[in-house]
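Residue strings, one per chain:
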Amino acid sequence: MTSVTPDIDAEPRRVAVLGAGSWGTTFAKILADGGARVAIWARRPEVAREIMQSHRNSDYLPGINLPLGLAASSRLPEVLEGAQQVYLSVPSQSLRENLRIVRELIPDGVPVVSLMKGVERGTRYRMSEVIAQELGVGPERIAVVSGPNLALEIAKEQPTAAVVSSASLDTASAVALAARNPYFRSFVNTDVVGTEFGGVLKNLIAVAIGIVDGVGYGENTKASIITRGLVEMTDFAVAFGALPETMSGLAGLGDLIATCESPLSRNNTAGRLLGQGYDYHEVIAQMNQTAEGISSVAPILELASSMGVEMPIVSQVAEVLAGTLDPRDIAPHLTTDTDVPQGE
Ligand SMILES: NC(=O)C1=CN([C@@H]2O[C@H](COP(=O)(O)OP(=O)(O)OC[C@H]3O[C@@H](n4cnc5c(N)ncnc54)[C@H](O)[C@@H]3O)[C@@H](O)[C@H]2O)C=CC1
Ligand SMILES: O=C(CO)COP(=O)(O)O
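All of these numbers come straight from a predicted model, not from anything done at the bench.

### What to know about the UniProt feature "binding site: NADPH" (unreviewed entry) in the chain
1) Next: The positions that UniProt labels "binding site: NADPH" (unreviewed entry) are, in the present scheme, S22, W23, R43, R44, Y60, K117, A151, R266 and E292. Set against the largest pocket, the annotated residues named above that line it are S22, W23, R43, R44, Y60, K117, A151, R266 and E292.
2) Next: Here R43 shows up in the loop between β2 (37-41) and α2 (45-54).
3) Next: Given the relative accessible area of 69%, R43 is considered exposed.
4) Next: When you line up the elements, Y60 lands in the loop between α2 and β3 (71-73).
5) Next: A residue is classified by how much of its surface remains accessible, and Y60, at 23% relative accessible area, is partly exposed.
6) Next: Leave out the neighbours within four places in its chain, and Y60 touches A20, G21, S22, R44 and Q289.
7) Next: A polar side-chain atom of Y60 sits 3.3 Å from a polar atom in the side chain of R44.

### Some points on the sheet that holds strand β8 (residues 184-189)
1) Next: One open sheet accounts for eight strands, arranged β3-β2-β1-β4-β5-β6-β7-β8; its pairing is mixed. The open sheet is flanked by β3 and β8, the only strands paired with a single partner. Taking the axes of each pair of neighbouring strands and ignoring which way they run, one obtains an average angle of 25° across the sheet.
2) Next: The pairing of strand β4 (residues 85-88) with strand β5 (residues 112-114) spans three bridges and is parallel. Across the sheet, L88 pairs through a bridge with S114, a residue of β5.

### A few points about the site of ligand 1
1) Next: Close to ligand 1 lie 24 residues; S22, A151, R266, T290 and E292 are nearest.
2) Next: Between ligand 1 and the protein, one listed contact pairs a nitrogen atom with a side-chain N or O atom of N98 at 2.9 Å.
3) Next: Measuring from an oxygen atom of ligand 1, one finds a side-chain N or O atom of R266 at 2.9 Å.
4) Next: More than half of the atoms belonging to ligand 1 lie within 2 Å of the grid points that define the largest pocket.

### What to know about the pairing of β8
1) Next: By the bridge criterion, six bridges tie strand β7 (residues 160-166) to β8 in an arrangement that is parallel. Across the sheet, V163 pairs through a bridge with F187, a residue of β8.
2) Next: At this point the chain moves from β7, through helix α7 (residues 169-178), to the parallel β8, and the crossover so formed is right-handed.

### With respect to the layout of surface pockets
1) Next: Roughly 1,100 Å³ of internal volume is contained in the largest pocket.
2) Next: Lining the largest pocket are 43 residues, with S22, W23, R266, Q289 and T290 positioned closest to its centre.
3) Next: When residues of the lining of the largest pocket are traced back to their parent elements, those giving at least two are α1 (22-33), α4 (95-102), α6 (151-155), α8 (192-215), α11 (250-261) and α12 (266-275).
4) Next: When its residues are assigned to classes, the lining of the largest pocket shows 18 nonpolar, 17 polar and eight charged.
5) Next: Among the domains, domain 1 (14-190) and domain 2 (199-333) are the pair contributing at least three residues each to the lining of the largest pocket.
6) Next: Lining the second largest pocket, in full, are P91, Q93, R121, Y280, I284, M287, Q289, T290, A291, E292, I294 and S295.
7) Next: Looking at the lining of the second largest pocket, the element that brings in the most residues is helix α14 (residues 292-307), giving three residues.
8) Next: Of the residues contributing to the lining of the second largest pocket, the split by class is six nonpolar, four polar and two charged.
9) Next: Here the lining of the second largest pocket spans two domains, since at least three of its residues come from each of domain 1 (14-190) and domain 2 (199-333).

So, how was this worked out
Residues numbered from 1 in each chain as written. Chains lettered and ligands numbered in written order. Predicted model: local features only at pLDDT ≥ 70, side-chain atom pairs only at ≥ 80, totals over all residues. Heavy atoms only, no water. UniProt positions renumbered as here; feature names shortened; annotations may be inferred. 1 Å grid on protein atoms, 1.4 Å probe; cavity = no way out; pocket = protein on both sides within 12 Å on 5 of 7 lines; lining within 4 Å. Helix = DSSP H or I, 4+ residues; strand = E, 2+ residues; numbered from the N terminus. Buried < 20%, exposed > 50% of the residue type's maximum accessible area, 1.4 Å probe, protein only. Contact = heavy atoms within 4.5 Å. Polar contact = N/O pair within 3.5 Å; in protein donor to acceptor, adjacent residues only side chain to side chain. Pairing = 2+ DSSP bridges. Axes fitted to C-alpha atoms, helices over the stretch in contact; angles between N-to-C directions. Near = heavy atom within 4 Å. Sits in = over half its atoms within 2 Å of the grid points. Right-handed = clockwise from strand over helix to strand, strands pointing away. Points joined across faces, edges and corners; volume = space filled by probe spheres on them. Nonpolar A, V, L, I, M, F, W, Y, C, P; charged D, E, K, R; others polar. Domains from an automatic or database assignment.

This is how it looks when you write it as structure tokens:
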């Protein structure tokens, strides 16, 4: 997979989605309802079988009927053969190991699209960076999708928008054309850093919101955290080269609102359990879906510190996770501790 010339097909006939959790399956439905022939890879054969035979993925999308033409398999070569676009939706911490397995199977020249919202622990890389490293492809072949996209709502065909970002507007547009149907609208931009970090950072603020919800605090506290959280997100992302307007768009504010408001959010749920007094290990044991925010706290704080960016809310989430801060004490420290009033 060394080609550098993008082979962008504006109307892909065949696409592959790797990962049959709630978002991979929902995105496969979005693409199929947009007219593409979609094959999805499920790690567990029984999940692939259920999608093929019953057109359901009941573990992740209870009550949702999937498109009849959506093909599923636990065998990667079957899913990837002839794919004109490849979408990736596995937990962020497992992306690198999965890419090493599929590297030789991804057709030359096709766009590779990250649907994920995490940062790799240890290396602190964004998912598009992991893709570039493991597949050896240029930025013009890589796209990321982000936005207020709670899977179950979209699977129920509730109208939703997202943003597709790539260094190449052609690639972003080709992906946006495929990821478009009567209930799903994709916008485009070229701010990959902002789009990707928006999706990661809002998860951390959603954990904070869950914590104060679990403690029993009300709307003033939550609105204060959302508003100051957006400042934190923007300071961080802009320090890494993002455009401020991306953070007030779908991938920033839009996703922050959806994730902080919805009980469907796994990050919000994990935070609520922490706020109710469960410790880190108990929360992990209770979560049967991916809450990316929990794994991204440490690498985000490391990145922030490397650029001298202050993240008081995210720092307090880290302390609650570590068991060194009582969840009830998170809200009074919305900003850095100082006796001098700060500008907003
Ligand atoms: N669910 C949602 O509403 C949305 C999720 N996302 C992002 O999509 C990504 C995937 O999340 P979900 O589908 O929601 O998670 P999920 O927990 O619903 O599903 C994860 C899937 O990955 C599989 N998996 C687990 N470990 C694996 C490994 N080591 N190798 C390969 N597959 C593995 C699981 O079997 C499952 O099929 C995350 O980065 C998440 O932030 C983005 C937008 C919306
Ligand atoms: O990214 C999401 C909504 O845009 C999903 O959020 P959770 O991962 O917290 O469920």
